[in-house]
Amino acid sequence: MDDLFDDLKNIVSERYLSDDIYIRHAYSRVVDPVLQGVPEIVIRPKTSKEVSEILKLANQKNTSILPRGGGCGEFGGAKPIKDEGIVLDLKRMDEILQLDQENLIVTVEAGVSWAKLNDYLSNYGLYTGCLGPGSGMTASVGGGVSHHSVGGGGCAKYGACTRHVVGLEVVLPTGEIVETASKTNKYTKFPFNRFGNGPDITGLFCGDNGILGVKTKISLKVYPKPQYAAYKTFLMPRKSMQLSSDIFLEMRKRGLDVYDSMYIMDLLVAVGCEYGLFPMWEGLKRKRGIMFYTIEATTEKELEKKGNQLDQLFIEKKATELGAEIEDGNIAKWHYKEQGHWLIAHNLWGLIPGFSPLDAECHTSISSYPSIMKDLETWDMEHLEDMNKVLELTGMRPISGTGPIILIGDNNVELTTGFTSFESYYEGRYHEELRELNIKLWKSMLERITKHGVSWYMMGDILSRLLVDIGAFEPQYFSFLKLIKNTLDPKHILSRGKFNFW
Ligand SMILES: Cc1cc2nc3c(=O)[nH]c(=O)nc-3n(C[C@H](O)[C@H](O)[C@H](O)COP(=O)(O)OP(=O)(O)OC[C@H]3O[C@@H](n4cnc5c(N)ncnc54)[C@H](O)[C@@H]3O)c2cc1C
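Please read all numbers here as calculations on a predicted model, not as lab measurements.

Calculation notes
- Residues numbered from 1 in each chain as written.
- Predicted model: local features only at pLDDT ≥ 70, side-chain atom pairs only at ≥ 80, totals over all residues.
- Heavy atoms only, no water.
- Near = heavy atom within 4 Å.
- Polar contact = N/O pair within 3.5 Å; in protein donor to acceptor, adjacent residues only side chain to side chain.
- Areas by Shrake-Rupley, 256 points an atom, 1.4 Å probe, with all protein chains shown as cover.
- Helix = DSSP H or I, 4+ residues; strand = E, 2+ residues; numbered from the N terminus.
- Buried < 20%, exposed > 50% of the residue type's maximum accessible area, 1.4 Å probe, protein only.
- Arc of directions from axis to C-beta.
- Contact = heavy atoms within 4.5 Å.
- Pairing = 2+ DSSP bridges.
- Axes fitted to C-alpha atoms, helices over the stretch in contact; angles between N-to-C directions.

(A) Looking closely at the site of the ligand. The environment of the ligand is made up of 38 residues, and the closest members are Pro 67, Glu 74, Ser 135, Ser 140 and Val 150. Separating an oxygen atom of the ligand from a side-chain N or O atom of Ser 149 is a distance of 2.8 Å. Within the backbone of Asn 209, one N or O atom sits 3.2 Å away from an oxygen atom of the ligand. Protein burial of the ligand: of its 970 Å² of free accessible surface, 95% is covered by the chains. Those elements that provide at least two residues to the shell around the ligand are strand E3 (65-68), helix H5 (141-147) and strand E10 (214-221).

(B) How the structure looks around helix H13 (residues 384-394). Looking only at H13, the buried set comprises Asp 386, Met 387, Val 390 and Thr 394. Down the axis of H13, the buried set is contained in an arc of 105 degrees. They therefore lie on one face. Opposite the buried face of H13, at more than 90 degrees from it, the exposed residues are Glu 385 and Glu 392. Structurally, H13 contributes buried residues whose contacts are with helix H12 (369-382), strand E18 (412-422), strand E19 (425-426) and helix H14 (432-450). Following H13 by one or two positions, Gly 395 adopts a phi angle in the positive range, close to 85 degrees.

(C) Focus on the sheet that holds strand E12 (residues 228-235). Across the sheet, which stays open at both edges, the 7 strands sit in the order E15-E12-E14-E13-E17-E18-E16 with antiparallel pairing between neighbours. Strands at the two margins of the open sheet, each flanked by one partner only, are strand E15 (320-321) and strand E16 (355-365). Where strand E17 (residues 399-408) lies against E18, 8 bridges are found, and the strand directions are antiparallel. Note on E18: the bridge partner recorded for Ile 405 is Leu 415. Together, E16, E17 and E18 form the strand contacts of H12, whose direction differs from that of E18 by roughly 15 degrees. Contacts from H14 reach E16, E17 and E18, with the element oriented near 160 degrees to E18.

Interpretation note: all reported values are geometric properties and have no functional meaning in isolation.
Following this line, the structure appears as structure tokens:
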């Protein structure tokens, strides 16, 4: 390892390289509470050339490389599975390289955060459409594109961030640097088009969870931010899960142009109010489900028309509009005006110190989620014994259910479900039993949801391996994926172990 460290010093200044025990441990964690492996080295390159040289060296030494953006993934992904390898922290590569204002394309380095990028674009009256994931204050554009991230602002209108990618610069696992899409024509000066000059190779790296290449530059379409916006929040009638799905479906069937729409289930509203998470709803007599919409328009007239159509739909479904201000309960205003889209996630996270998410975030069709949620109630009951063991150890039972359900592109929703439980380190003591219970429950829930046929977009190593272990992949698809992986990365240097590619 000393040799490797010295060789890396010839690529990246020692300031950005560490084998210090504290640094290595810091990079052994992401958002999920599962401690797996600790990397041997952490490196923070600044250029694509450095990334390329690191990968070439890793191939020579047969050492695994794990790309990491903001480290905000919830299923591992940016941390090693075993005590080995190099974490490649891309957050130093955070320059905004070029804004083509005429053609509305921005090119950035992959480590830039969604917040920094959109802050910059706002100076030109522009935004990225989909403002990235809810973690966009920290999460990187490279991480988002590796996950097909969607969420944050504008997801009902713009869909996943990968829809807006027009080209990439990727360092292949063996170290070659390639550009995709319009830039494959050597006479093209600036990226402008994803589709052409052959197959959609860009798409191969979108949502790859970091197994096929390291994205170093990303070109995205950007959009003028409309001048007018409106936002309304509604209190739903009782048992609103099914109704919320009906409303989302109607929005699509009627072709209503909604920027964001979200449903927050009854349980979340009730528990969240009890613990002071939703001060705006504390005064509500009935703590029922909440739904909101935000819309944008280029004229006042257009805004009014869109608002009327949506209001009509909510009234038909017997929802009651809350007041216009945030303190009146209008969370939609907070979401749009106060950048709440980057501050809202599974609201019960952090409710109590040490109460962590064991997440099950997936995409599914609008019509399917009420039955998935119903089945999760059954799953919860079926696991009463294990739930009660956690209760005995910690004094609190895990809470399963869903965080906000968000309307996204392609008539799908993002289902931010899962359960929250205490981490194994609790009240100054490590509880191995608690860790085992949590992992057992988590895997069982992920399997159950997988069997509803959902699409997982953020898989990390935890979920990608589980899907292989439970035989969820179509065999032909999985063989093809393996063939691609083996061709691009014969030594399995990149993200070793994800999808069980060891
Ligand atoms: C509070 C909170 C809210 C969230 N909300 C959402 C949401 O609304 N929607 C959503 O989709 N997700 C959400 N997430 C999950 C996650 O934050 C996002 O998916 C995010 O896009 C990950 O970006 P990151 O930069 O943190 O990536 P990381 O976690 O660092 O990495 C993610 C994966 O991509 C790989 N990777 C990272 N950068 C590169 C690169 N340049 N090249 C190749 N591979 C790379 C990593 O190896 C890893 O497998 C949320 C997480 C939190 C904590």
